[in-house]
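So the chains spell out like this:
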Amino acid sequence: MKSLEANPYRNCDLGDKRLTDRAVLIAEALKVKYGHPLSEIFQSARAPVQ
């Protein structure tokens, strides 16, 4: 699998800065804990584990 050095969502335009920020956070969380169960990466649907 190709490593995500730069977050591809950082420059996307989802029509709302909050959505773009959330996409960036989700991508970063998935990159950091790649291969772990989603229930371990995300405590709830509200935000990734910090």
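Along each chain, the written sequence defines residue order, and numbers are assigned to residues from 1. Restriction of local features to residues with pLDDT of at least 70 applies here, the model being predicted, together with a cutoff of 80 or more for giving and counting side-chain atom pairs; totals for whole chains, interfaces and linings are based on all residues. Derived side-chain values reflect all non-hydrogen atoms in the structure, with water molecules and hydrogen atoms excluded from consideration.

Trainee: Mind laying out the environment of Leu14, listing which residues take part and the relevant values?
Mentor: Structurally, Leu14 is set in the segment before α1 (17-32). Buried residues are those whose accessible area, probed at 1.4 Å on protein chains only, stays under 20% of the maximum for their type, while exposed residues exceed 50% and partly exposed ones sit between those limits. The class for Leu14 is partly exposed, based on a relative accessible area of 44%. Secondary structure elements are taken from DSSP: a helix is a run of H or I of four residues or more, a strand is a run of E of two residues or more, and numbering for both begins at the N terminus.

Trainee: With reference to specific residues and values, describe the pattern of salt bridges.
Mentor: A side-chain nitrogen of Lys or Arg and a carboxyl oxygen of Asp or Glu constitute a salt bridge if their distance falls within 4 Å. The tally for this structure, following the rule as stated, stands at four salt bridges. Between Asp16 and Arg18 there is a salt bridge; the shortest N-O distance is 2.6 Å. By relative accessible area, Arg18 is classed as exposed at 64%. A salt bridge links Glu28 to Lys31, with the shortest nitrogen-to-oxygen separation between them at 3.5 Å. Here Lys31 and Glu28 lie together in helix α1, a separation of three residues that amounts to about one turn.

Trainee: Go over a nonpolar patch on the surface, please, and point to the residues and values.
Mentor: Here, patches come from residues exposed beyond 30% relative accessible area and free of salt bridges, joined within 9 Å for like charges and within 5 Å for nonpolar side chains (Val, Leu, Ile, Met, Phe, Trp, Tyr). Calculation of accessible area relied on Shrake-Rupley with a 1.4 Å probe; when residues are assessed, cover is drawn exclusively from the protein chains displayed. Judged by side-chain polarity, Ile26, Leu30 and Leu38 come together as a nonpolar surface patch covering roughly 240 Å² of accessible area. Its place among the elements puts Leu30 in helix α1.

Trainee: If you had to explain the side chain of Thr20 to someone new, which residues and values would you point to?
Mentor: The topology assignment puts Thr20 in helix α1. The contact criterion used throughout is that any non-hydrogen atoms of two residues lie within 4.5 Å. Those residues within four positions of Thr20 in sequence are excluded, and the remaining contacts are Tyr9, Arg10, Cys12, Asp13 and Leu14.

Trainee: Describe α1, and please don't skip the residues or the numbers.
Mentor: Multiplying 1.5 Å by the residue count of a helix minus one yields the expected span of that helix. Spanning 16 residues, α1 covers 23 Å between terminal C-alpha atoms, matching the ideal 22 Å at 1.5 Å per step. For α1, every residue scored as buried is listed here: Thr20, Ala23, Val24, Ala27 and Ala29.

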